[in-house]
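Residue-level structural notes
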Amino acid sequence: MVERIPMSQSGYQQLKKELERLEKVERPDVVKAIETARAHGDLKENAEYHAAKERQSMIEGRIMELKDKLGRAEVIDCTKVTTQRAVFGTVITLMDMKTDEEITYQLLGPEEADVKSGSISVLAPLGRSILGKAVGDEIVAKTPGGVREFEVIEIQAGTFC
């Protein structure tokens with residue numbers, strides 16, 4: 001069975017845009033760079049040629065990765081999810097039980113998650129422990145910094161979808 005990758009419509013569009021740029025701009029550019037470097041003669045000691053071939057390999061790898069992710073994408077409309085429980089796309093405000101600090105995250109897919117901008121992956125340890133929780137529920141999450149305890153204090157509709 002194919003493992004689906006949850007993502008918002010916006011995240012899906014960003015990946016499609018990156019794939020299109022790689023296929024229509026980056027790929028042809030690197031092919032031209034390889035042709036130019038090849039014209040300089042001996043390929044064994046041609047640093048330009050080797051750098052261009054390495055770049056081509058990276059581009060082709062990313063193209064394959066993006067096609068795989070887009071093919072397995074499960075696009076979820078964040079504006080139509082319930083706010084009764086923490087689900088993909090919702091914005092969750094947590095209270096750190098140790099420090100009484102409030103933290104707000106939006107639950108998104110692994111391709112869209114960016115802790116610095118306030119989103120975490122539903123597949124990350126904290127994201128997994130939040131899924132399905134309601135306001136007032138307590139969460140114990142194993143994070144890279146150790147075990148942390150939180151309480152869900154608010155669930156809102158997603159803002160980044």
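Read on for an overview of the structure. (Residues numbered from 1 in each chain as written. Predicted model: local features only at pLDDT ≥ 70, side-chain atom pairs only at ≥ 80, totals over all residues. Heavy atoms only, no water.)

Some points on the sheet that holds strand E6 (residues 138–143)
An order of E5-E4-E3-E7-E6 is seen for the five strands of this open sheet, with the pairing classed as mixed. Edge positions in the sheet fall to strand E5 (119–121) and E6, since each of these pairs with one other strand and no more. Between one strand axis and the next, the sheet turns by 45° as a mean value, whatever way the strands run. Two strands pair when backbone bridges link them, and strand E3 (residues 91–96) and strand E7 (residues 146–156) are joined in this way by six bridges, in the antiparallel orientation. Paired with Ile-92 across the bridge in E7 is Ile-155. (Pairing = 2+ DSSP bridges. Helix = DSSP H or I, 4+ residues; strand = E, 2+ residues; numbered from the N terminus. Axes fitted to C-alpha atoms, helices over the stretch in contact; angles between N-to-C directions.)

Re the pattern of salt bridges
Note that side chains of opposite charge can pair when their charged atoms are close. Tallying each qualifying case throughout the model produces 13 salt bridges. Residues Lys-69 and Glu-65 are paired through a salt bridge, measuring 2.8 Å at the closest nitrogen-oxygen approach. In this pair, Lys-69 and Glu-65 are both assigned in helix H2 (residues 47–71), four residues apart and thus about one turn of the helix distant. Taking the relative accessible area as the measure of exposure, Glu-65 reaches 34% and is therefore partly exposed. (Salt bridge = Lys/Arg side-chain N within 4 Å of Asp/Glu carboxyl O. Buried < 20%, exposed > 50% of the residue type's maximum accessible area, 1.4 Å probe, protein only.)

So, the packing of helix H1 (residues 9–38) against H2
Closest axis-to-axis distance for the H1/H2 pair is 9 Å, and the angle between their directions is 160°. Comparing the axis directions of H1 and H2 gives the class roughly antiparallel. Note on packing geometry: the crossing formed by H1 with H2 is left-handed. Along the lines of polarity and charge, the residues of the contact of H1 with H2 split into 15 nonpolar, one polar and 13 charged. (Parallel < 35°, antiparallel > 145°, perpendicular 65-115°, else oblique. Left-handed = near helix turned anticlockwise from the far one by under 90°. Nonpolar A, V, L, I, M, F, W, Y, C, P; charged D, E, K, R; others polar.)

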